Amino acid sequence: MSLVPGLEHWFILSTLFFAIGLYGVLSRRSAVGVLIGVELMLNSTALNFVIFNRYLATPFLDGAVMMIFVIAVAAAEAVLAMAIFVQIFRSRHSVDISTMTEMRY
Amino acid sequence: MDAGFAYAWLVPALPLLSFAIVGLFIAPRSRQAAGLVATASVLAATVIAVIIAAQYYVAFPSGGDAIIAWSFAWLEYAPGLTATIGVLLDPISVLLLVVVTVVSLLVHIYSLGYMADDPGSGRYFTFLNLFTFSMLGLVVAPNILQMFICWELVGVSSFLLIGYYYQKPSAVAASKKAFIVTRFADVFFLIGILLLGYQGFQVAATVGVPDGMQVFDFLFLTAPSTVGALGDASLLTIAMVLVFIGAAGKSAMFPLHIWLPDAMEGPTPVSALIHAATMVVAGIYLVARLFPAFAGSADALSVAMIVGAFTCLFAAVIACTQNDIKRVLAFSTLSQLGYMMFALGVATLASPLGYAASLFHLFTHAFFKALLFLGAGAVIHAVHSNSIWEMGGLARRMPVTHVTFLIATLAIAGLPPLAGFFSKDLILAAALVNHHPVVFAVGLLVAALTAFYMGRIYIVAFLGKARSDSAEKAHEASPVMLAPLLILAVLSLGAGFIPVTEFVGLPSDSGHDHHGPAWLPYVATAAGLAGLLIAWVIYRRPTEGEAEATGWRVVLQRQFYSNEVYLFVTKRIIFPFVSAPIAWFDRHVVDGAVNLTGNLTRWSGIVLSRLQTGQLQTYATWFVGGVVVIGLLFWWWVR
Amino acid sequence: MGGPVTWLVILPLITALAILAVSSNRTHVFRWVALVGTGLHLLLTGFVTWQYWVQASRDGATTGDGLFTKLYLVERVPWFESLGIQYLVGVDGVSVAMIILTSIVIFCGVLVSWHVVERAKEFFALLLILVTGVFGVFVSFDLFLFFIFYELAVLPMYLLIGIWGTGPKEYSAMKLTIMLMASSALILVGILALHHGAPVPTFDLTQLAQHSYPLAFQSWVFPVIFIGFGVIGALYPFHTWSPDGHASAPTAVSMLHAGVLMKLGGYGALRVGIYLLPEGAKEWALVFMILTTINILYGALAAIRQKDLKYFTAYSSVSHCGFVLFGLVALNSIGIQGAVIQMFSHGIMTALFFALIGMVYGRTHTRMIPEMGGLGVRIPWLAACFYIGGLASLGLPGLFGFVAESHVFLGGFFGNPWIDTTLTRTLTIIATLSIVVTAVYVLRGLGTVFQGPLDEARFGHLTDATLTERLGSGILVAVLAIGGLVPFLFLDLISPSLVPFVERLGDALIRLGVL
């Protein structure tokens with residue numbers, strides 16, 4: 001029994017990341033917590049790109065490039081989200097998303 | 001097409017032209033001019049009609065061929081199914097042309113005096129022209145569709161003229177009633193036409209149509225091959241009964257008679273023209289037109305005979321109790337129409353005496369009944385009342401009217417040598433010759449009743465002393481009104497000597513007995529005299545009025561409650577139990593379903609919007625759950 | 001640039017834009033713009049009719065059979081070629097008839113709306129946009145284009161009723177729009193199915209007509225299309241938008257709507273339904289014949305009970321539109337011819353009715369029949385026109401209604417080889433009863449309003465029609481009379497164009513003789 005991790009182990013890891021992120025998105029009341037969950041989910045997909053690249057298309061780097069895209073998008077998204085949170089905090093003095101129901105109708 | 005008569009289209013066209021010109025341009029400006037132009041156009045039409053009659057009579061002295069004098073394709077429904085507009089000249093249409101134009105002309109002239117003070121008389125003459133055109137178009141119709149077209153047009157002119165005093169609720173109601181009742185009958189006529197058109201088309205497809213004829217043409221429909229084919233399809237009786245119902249509506253046969261007495265709400269000259277002399281005989285004319293087809297079905301003719309005889313008796317009995325002079329005359333018209341109808345009903349192709357007799361009576365009746373109405377109009381004009389119990393003693397104050405009215409009374413009572421005697425005698429003979437003793441008995445009884453009720457109104461209105469102030473002050477009508485009375489009086493005296501029966505004889509006539517038994521004229525005259533005598537005995541004393549009707553006389557006076565029955569059916573059954581539920585059903589059930597759909601959509605929207613909490617995480621949870629479910633389904637499906 | 005038919009469609013649009021360009025303060029200017037625009041349109045219609053007549057009769061003379069069945073004045077421009085969508089307009093006899101109808105009605109509609117005050121500019125502009133759609137439908141021979149114009153015709157109705165209407169106008173406008181939208185969904189489904197089922201991807205009606213769809217296909221697409229068009233043609237039981245809609249709509253809109261828009265239903269059912277799917281039509285004819293018989297009689301009976309003049313006329317329209325659909329599903333040349341004539345005559349007649357109701361309402365400020373009486377003394381012109389319209393609606397010979405109704409009855413009675421003739425005859429006989437019911441409600445209604453004693457205190461001051469009103473109603477009355485007196489002119493125009501429809505049905509024209 002070798003300790004070298006295989007494809008399935010990496011998959012379990014990325015699935016765990018995704019599930020933890022999803023749990024965070026669905027359960028955190030703080031907007032920042034939700035954002036962290038989203039980041040976790042994004043990163044789990046990024047990880048998937050790397051894994052597939054490594055195991056299924058070794059000579060190429062497409063997956064790694066996609067991962068860099070994802071990181072860039074995630075960074076931009078985090079900046080935008082944080083800016084929105086700051087604006088919300090300024091007007092409401094809270095970023096508890098369970099109170100944010102104004103856009104219901 | 002016979003070039004010799006091509007100008008015949010002018011007869012209906014002149015009143016039509018005048019209708020358009022007078023209605024659009026003259027009537028709004030000058031009512032006097034309207035009256036004169038309208039009358040002039042009818043005068044021209046009359047002259048042409050008389051020339052046609054003379055020419056036709058010279059060409060065919062003893063009954064003759066049918067000539068399509070002029071026609072053109074008006075409406076092509078499908079190849080081989082064309083409605084033409086044209087002019088058919090045959091003995092009966094020529095006869096009717098003369099009757100209609102002459103009576104119409106006299107009524108136009110009379111109306112110049114009668115309506116002189118009426119501010120709306122421009123409208124009146126417009127409608128009168130429309131009627132004259134429609135009636136002439138009906139008379140010369142070469143096909144059943146033109147007949148129907150003009151049939152409806154005379155109906156609407158009658159409607160317009162009955163409702164001429166349109167601010168009077170009773171006149172409005174009467175005009176509606178007249179139109180709707182006849183319209184109801186017309187539905188059957190229309191169905192009959194559809195049936196004839198359809199079957200005729202089938203016959204035409206197999207046998208072929210003779211040259212220059214159309215499926216709807218009377219000449220085609222009454223041709224032996226068509227009648228035979230209809231009979232083979234066992235549709236002849238039903239088609240003829242349907243057409244007969246239409247005819248019965250226009251000719252006010254029981255039970256469709258209820259509109260005619262009310263139609264007396266119109267101006268009296270209108271009653272004379274439309275509801276006595278011309279329009280109401282259209283039904284008789286239609287049956288006569290289609291007589292060879294009717295003769296193919298003994299049942300259809302029996303229906304005509306029974307309905308005619310019953311109406312004849314029924315109306316005569318009611319006429320004996322009415323107090324309104326025009327209503328008496330209206331019921332008398334009904335009764336006389338019954339005569340004509342049963343005369344047609346007793347005739348057969350082999351022994352068509354009744355056919356000729358019916359048309360003869362139509363001819364004579366037009367004159368003396370128009371005279372009676374115009375005379376009554378002169379009286380009403382003078383007395384300002386319709387009730388005979390407010391007249392009396394008018395013989396001295398209105399001598400000319402009196403004499404002419406008396407002539408007409410004797411004519412309708414059937415006393416020789418006046419016009420009514422000859423035609424009525426012939427009808428009774430026809431009933432005997434064709435072995436219908438019951439019908440003969442009814443005819444004889446009605447002859448006596450006719451003499452009685454006519455004697456009654458004559459005696460009460462003209463003899464004795466005045467029963468009201470206005471009757472006291474009554475004075476003779478103007479010359480323009482008297483001239484038509486005199487002309488009609490002459491015609492009532494002499495029309496019986498015109499050999500109409502020779503003229504309109506059918507070619508199928510096998511030379512049966514044309515005269516009936518020798519005792520018949522004496523019996524018929526005796527019946528008439530007896531009726532007059534009884535009237536004299538009862539009404540000779542100058543009473544103030546008749547005692548209030550009681551018992552069975554109420555029933556008679558209320559015309560056996562036939563109006564009430566109709567009112568009950570329409571007002572109490574059709575409107576509340578058919579029409580109202582449909583209107584309700586539409587608003588609440590059909591439209592309710594529509595609103596229900598709308599409301600369901602709205603409610604489901606309201607219910608579903610509860611799911612929309614605004615909580616981002618709720619949405620996300622639903623979303624994830626949905627993805628998981630879809631993923632599982634997909635997995636299950638792929639597996 | 002563009003042939004006459006294109007101009008026919010865009011002229012109303014240009015007029016609408018011209019009206020919008022005028023300042024809203026200058027109230028009488030845009031009235032005149034609208035009148036001149038619609039007047040020009042009337043002239044252009046005359047030109048198109050004349051062109052059609054000349055070209056078609058020349059062809060008829062050369063082919064020798066006297067029939068001219070093609071499309072004329074065709075303009076064809078590819079649009080989305082990959083989907084087979086093109087701008088294809090042209091006219092045949094039926095289109096020409098409908099165009100004439102629409103031009104007359106809109107011209108008269110502008111005349112009788114002369115005194116609309118509130119937001120008159122937008123009113124006229126929307127009216128003309130609606131008319132653009134209507135013309136587009138009548139000249140389009142590409143189903144996609146047809147549908148676009150159809151939607152264009154239906155949508156402005158919402159605003160026109162919702163803004164300028166009376167009574168529960170929001171409700172009525174909403175109901176009308178939603179029901180008509182639902183029907184256009186059905187039509188869209190049908191059109192897409194036709195496109196999908198065609199051997200080559202095309203929306204071109206003339207090409208689709210070359211194709212025979214399989215029976216199973218026809219038997220489900222036909223009812224979808226027929227009901228879709230039936231809703232706007234007031235097919236029972238989908239007619240209930242019409243009384244509310246008509247009652248709430250302003251005069252000119254009622255005129256256009258009942259007069260022209262409801263005809264889109266009959267026109268579409270003929271052009272798309274029966275023409276492309278003859279086998280489906282045969283299969284479903286009996287069902288729709290029963291429904292339309294109900295239409296005819298039910299509308300008439302319901303009209304007896306109506307107190308409001310507009311509801312009265314609206315139910316009468318339901319009854320008369322029933323004649324259109326009844327004639328169509330008789331599936332023979334006489335019935336279809338009758339349906340087209342009825343579309344025209346009813347369009348004119350009902351436009352006349354609604355115009356007159358508007359004029360009467362403008363004077364009496366009530367539409368309730370029992371409140372009026374004896375108005376004929378004060379407003380004889382309106383009374384006379386109303387009576388002529390009423391007589392036309394009860395099928396009086398000499399007016400246009402009779403020509404149409406006699407065709408429809410004969411068509412129904414002759415029936416077709418695909419339904420038991422006993423059934424069609426029975427249904428026709430039931431339908432003929434409507435002529436007496438119509439007489440009852442017309443005479444009762446008009447008698448109450450115009451005859452009898454006049455309430456001097458309330459209505460003594462009324463004045464008769466103004467010049468524009470006389471012109472508007474006079475034109476409509478004249479058309480009714482001309483159509484009734486010389487129907488052969490109209491028949492010559494439409495009947496050759498009906499031959500292809502009947503031929504696709506299996507030449508019922510010939511089969512009639514051997515039933």
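Residues numbered from 1 in each chain as written. Chains lettered and ligands numbered in written order. Predicted model: local features only at pLDDT ≥ 70, side-chain atom pairs only at ≥ 80, totals over all residues.

### Considerations on the overall build of chain C
At step 1: Within chain C one finds 22 helices and two strands.
At step 2: The C-alpha atoms of chain C give 22 Å as radius of gyration, which agrees with the globular expectation for 515 residues (24 Å, within 12%).
At step 3: Taken over the C-alpha atoms alone, chain C extends approximately 70 × 55 × 45 Å along its principal axes.
At step 4: Counting all 515 residues of chain C, 64% fall into the buried class.
At step 5: Sequence-distant contacts in chain C: of pairs separated by 6 or more residues, those separated by 24 or more amount to 79%. (Helix = DSSP H or I, 4+ residues; strand = E, 2+ residues; numbered from the N terminus. Rg over C-alpha atoms; globule rule 2.2 N^0.38 Å. Buried ≥ 20, exposed ≤ 12 C-beta atoms within 10 Å, placed from the backbone. Contact = placed C-beta atoms within 7 Å.)

### Concerning the interface of chain A and chain B
At step 1: Each partner contributes residues to the interface: chain A has nine residues there, and chain B has nine residues.
At step 2: The class makeup of the residues in the side of chain A that touches chain B is six nonpolar, two polar and one charged. (Nonpolar A, V, L, I, M, F, W, Y, C, P; charged D, E, K, R; others polar.)

### So, the pairing of strand E2 (residues 85-91) of chain C
At step 1: Extensive coverage of E2 of chain C is indicated by the burial of six of its seven residues.
At step 2: Hairpin connection from strand E1 (residues 72-80) of chain C to E2 of chain C: four residues lie between these consecutive antiparallel strands, with Gly84 of chain C at a positive phi of about 75 degrees. (Pairing = 2+ DSSP bridges.)

### Brief notes about the packing of helix H16 (residues 400-414) of chain C against helix H17 (residues 421-432) of chain C
Residue and element names in this part refer to chain C.
At step 1: For the pair H16 and H17, interaxial distance at closest approach is 7 Å and the crossing angle is 155 degrees. Taken together, H16 and H17 sit at an angle that is classed as roughly antiparallel. Of H17, the residues touching H16 (which contributes Phe409, Gly412 and Phe413) are Thr424, Arg425, Leu427, Thr428, Ala431 and Thr432.
At step 2: Taken together, the residues of the contact of H16 with H17 sort by class into four nonpolar, four polar and one charged. (Axes fitted to C-alpha atoms, helices over the stretch in contact; angles between N-to-C directions. Parallel < 35°, antiparallel > 145°, perpendicular 65-115°, else oblique.)

### Focus on helix H12 (residues 282-289) of chain B
At step 1: Counting buried positions along H12 of chain B yields eight of eight residues, so the element is predominantly enclosed.
At step 2: Buried residues of H12 of chain B: Ala282, Gly283, Ile284, Tyr285, Leu286, Val287, Ala288 and Arg289 of chain B, and no others.

### Overview of the interface of chain B and chain C
At step 1: Contact residues are listed per partner, giving 38 residues for chain B and 47 residues for chain C.
At step 2: When residues of the side of chain B that touches chain C are traced back to their parent elements, those giving at least two are strand E1 (67-78), helix H5 (144-162), helix H6 (169-206) and helix H26 (562-609) of chain B.
At step 3: Within the side of chain B that touches chain C, the residues separate by chemical class into 27 nonpolar, five polar and six charged.

### Here we look at the pairing of E1 of chain B
Residues and elements named next belong to chain B.
At step 1: The pairing of E1 with strand E2 (residues 81-89) spans nine bridges and is classified as antiparallel. Opposite Ile68, over in E2, you have Leu88 as the bridge partner.
At step 2: Counting the residues between successive antiparallel strands, the hairpin from E1 to E2 contains two residues, one of them, Gly80, with a positive phi of roughly 90 degrees.

### Considerations on unusual backbone geometry
At step 1: The residue after Phe254 of chain B, namely Pro255 of chain B, is reached through a cis peptide bond having omega 5 degrees.
At step 2: Mapped onto the elements, Pro255 of chain B comes out in the loop between helix H9 (236-250) and helix H10 (259-262).
At step 3: Residue Pro237 of chain C follows Tyr236 of chain C across a cis peptide bond; omega there is 0 degrees.
At step 4: Along the polypeptide, Pro237 of chain C turns up in the loop between helix H9 (215-232) and helix H10 (241-248).

### Description of the environment of Met341 of chain B
Residue and element names in this part refer to chain B.
At step 1: Mapped onto the fold, Met341 is located in helix H15 (residues 325-346).
At step 2: The class for Met341 is buried, based on 28 C-beta atoms found within 10 Å.
At step 3: Note: C-alpha distance between Met341 and Val281 (60 residues apart in sequence) is 9.5 Å.
At step 4: Beyond its immediate chain neighbours, meaning those up to four positions away, Met341 contacts Ser251, Met253, Ile284, Ala304, Val307, Gly308 and Thr311.

This is a description of form; function is not addressed.
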